[in-house]
Amino acid sequence: MEFRDLKRQYQCLKPQIDAAMMEVAQNCNFISGKQVTELEQQLAEYVGVKHCVTCANGTDALTMVMMAWNVQEGDAVFVPTFTFFASAEVVAFEGATPVFVDVKEDTFNLDADKLEQAILQVQQEGKLKPKAVIAVDLFGQPADYDRIEAVCKKYNLLLLEDGAQGFGGKMGERTACSFGNAATTSFFPAKPLGCYGDGGAVFTNDDATAEYLRSIRVHGKGSSGKYDNVRIGWNSRLDTIQAAILQIKLKAFAEYELKDVNKSANLYTRYLGDQVKTPVVPEGFYSSWAQYTLILKDKEQREHLQRELKEQGIPTMIYYPKPMHLQTAFAELGYKQGDFPVAEALCERVLALPMHPYLDESDIRFVCNAVKAALDL
Ligand SMILES: *Cc1c(COP(=O)(O)O)cnc(C)c1O
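Calculation criteria
Residues numbered from 1 in each chain as written. Predicted model: local features only at pLDDT ≥ 70, side-chain atom pairs only at ≥ 80, totals over all residues. Heavy atoms only, no water. Core = buried A, V, L, I, M, F, W, Y, C linked by side-chain atoms within 4.5 Å. Buried < 20%, exposed > 50% of the residue type's maximum accessible area, 1.4 Å probe, protein only. Helix = DSSP H or I, 4+ residues; strand = E, 2+ residues; numbered from the N terminus. Contact = heavy atoms within 4.5 Å. Near = heavy atom within 4 Å. Polar contact = N/O pair within 3.5 Å; in protein donor to acceptor, adjacent residues only side chain to side chain. Areas by Shrake-Rupley, 256 points an atom, 1.4 Å probe, with all protein chains shown as cover. Axes fitted to C-alpha atoms, helices over the stretch in contact; angles between N-to-C directions. Parallel < 35°, antiparallel > 145°, perpendicular 65-115°, else oblique. Left-handed = near helix turned anticlockwise from the far one by under 90°. Nonpolar A, V, L, I, M, F, W, Y, C, P; charged D, E, K, R; others polar. Phe/Tyr/Trp six-rings, centres within 6.5 Å; stacked < 30°, edge-to-face > 60°.

(A) Structural context of the nonpolar core. Counting 46 residues, the largest nonpolar core has Phe203, Tyr268 and Val371 as the members making the most contacts within it. Of all the elements in the fold, those that place two or more residues in this core are α2 (34-47), β9 (200-204), α8 (240-272), β13 (292-295), α9 (299-311), β14 (350-353) and α11 (361-374). With eleven residues, the top contributor of residues to this core is α8. The contacts of Tyr268, once residues within four sequence positions are left out, are Gly273, Tyr292, Leu353, Pro354, Met355, Leu359, Ile364, Val367 and Cys368.

(B) Representation of the site of the ligand in the model. If you check the shell around the ligand, you find 15 residues, and the closest are Gly58, Thr59, Asp162, Ser186 and Lys191. Note that a nitrogen atom of the ligand is positioned 2.8 Å from one of the side-chain N or O atoms of Asp162. Measuring from an oxygen atom of the ligand, one finds a side-chain N or O atom of Lys191 at 2.7 Å. Against a free-state accessible area of 380 Å², the protein chains account for coverage of 93% of the ligand. Residue assignment for the shell around the ligand shows that the elements contributing at least two residues are α3 (58-68) and α4 (86-93). No other element matches the three residues that α3 contributes to the shell around the ligand.

(C) How the structure looks around the packing of helix α5 (residues 112-125) against helix α6 (residues 145-154). The N-to-C vectors of α5 and α6 enclose an angle of 15°; their axes lie 9 Å apart at closest approach. The angle between the axes of α5 and α6 places the two elements in the roughly parallel class. Taken as a pair, α5 and α6 cross one another with a handedness that is right-handed. Contacts between α5 and α6 involve Ala112, Asp113, Leu115, Glu116 and Ile119 on the former and, on the latter, Arg147, Ile148, Val151 and Lys154. Among the residues making up the contact of α5 with α6, the classes are represented as five nonpolar, no polar and four charged.

(D) Seen up close, the packing of aromatic side chains. According to the stated counting rule, one finds 18 aromatic pairs in the structure shown. Taking the centre distance of 6.2 Å and the plane angle of 90° together, the rings of Phe82 and Phe139 count as edge-to-face. Linking Phe82 in the loop between β2 (75-80) and α4 with Phe139 in the loop between β4 (129-136) and α6, this pair joins segments that are 57 residues apart in sequence. Across this residue pair, the class does not change: Phe82 and Phe139 are buried. Measuring from ring centre to ring centre gives 5.4 Å for Trp289 and Tyr292, while their planes differ by 35°; the resulting arrangement is tilted. This pair shows no difference in class: Trp289 is buried, exactly as Tyr292 is.

The structure is reproduced here in structure tokens:
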């Protein structure tokens, strides 16, 4: 069994994907081909925002927003401590300070009450200027944007949605990657919408931001082309071949993959039920299930379960074993064990099961039976 079965997805989409890749090879329009522009329009339409600017990966997408907002030394940017490293890395990369915030145990996402406390504390200390919030749609579920947007408005902070894992999710009628002043996603192969290499995108309704992003992704180009350089930028483009693959995959995603992955999640939850702590999707929310994550009793129980499942040929993953505030790279920020108890406990107790749109009901029943047997349920 595969943790995320990309081979099976390719087998299903092979004729279209092969044709799309060959077309790029035949036209040799490897950089900034028409597929890139078409994909950007399709993605913007799917998400329901005015602009989509693709780039080389999800980390660059986050960084480009930091550049657009002129995030710099002396700025505080609030980030959940339970996330992938890139969410916080991009803040430090600009010389600004990531200020970590704990998450909610039930959704794994940023806790809006604790966000407000962290902002007040930074204000009180008076050393850093509160500038922005990066909220993460962890494991496929949008963060609590009603509350987070209200807090950002109250303290006049910019809001960036890190939707690297969230593409396809929803909160009410609003689609993931449409929240905040800008949103980003990643097309890393294992993400809900993945390509065949690295890729990423920024979404925004703001015309000036979109224009700036289109400039910096090609060496700060001006309006008269790439040998007219009006600012310092860099090189971060989505390859045409990746855009061509994503056009096929977006169609499958919108037509059936997102529905099917939700079917898989519902089956897991039904079979495991109240006997194991399964993921919670609050009323009005819809997840794209980048991960299906159980919370076990403790580290020992998790180790036991992971070992037993491995023996049955069932792969599992720990997202994430270490919170951001305890990462060696952030040691100089001075955080310590005990600062964010919810995230720290999650790091010891979470375990992600195989999850993707091509799981059969029999696969899911097999995994659930193995989980129950291992836990003596
Ligand atoms: C994967 C991921 C990123 C980075 O995306 P890349 O395309 O790998 O650079 C950023 N944030 C989160 C939450 C992610 O899961």
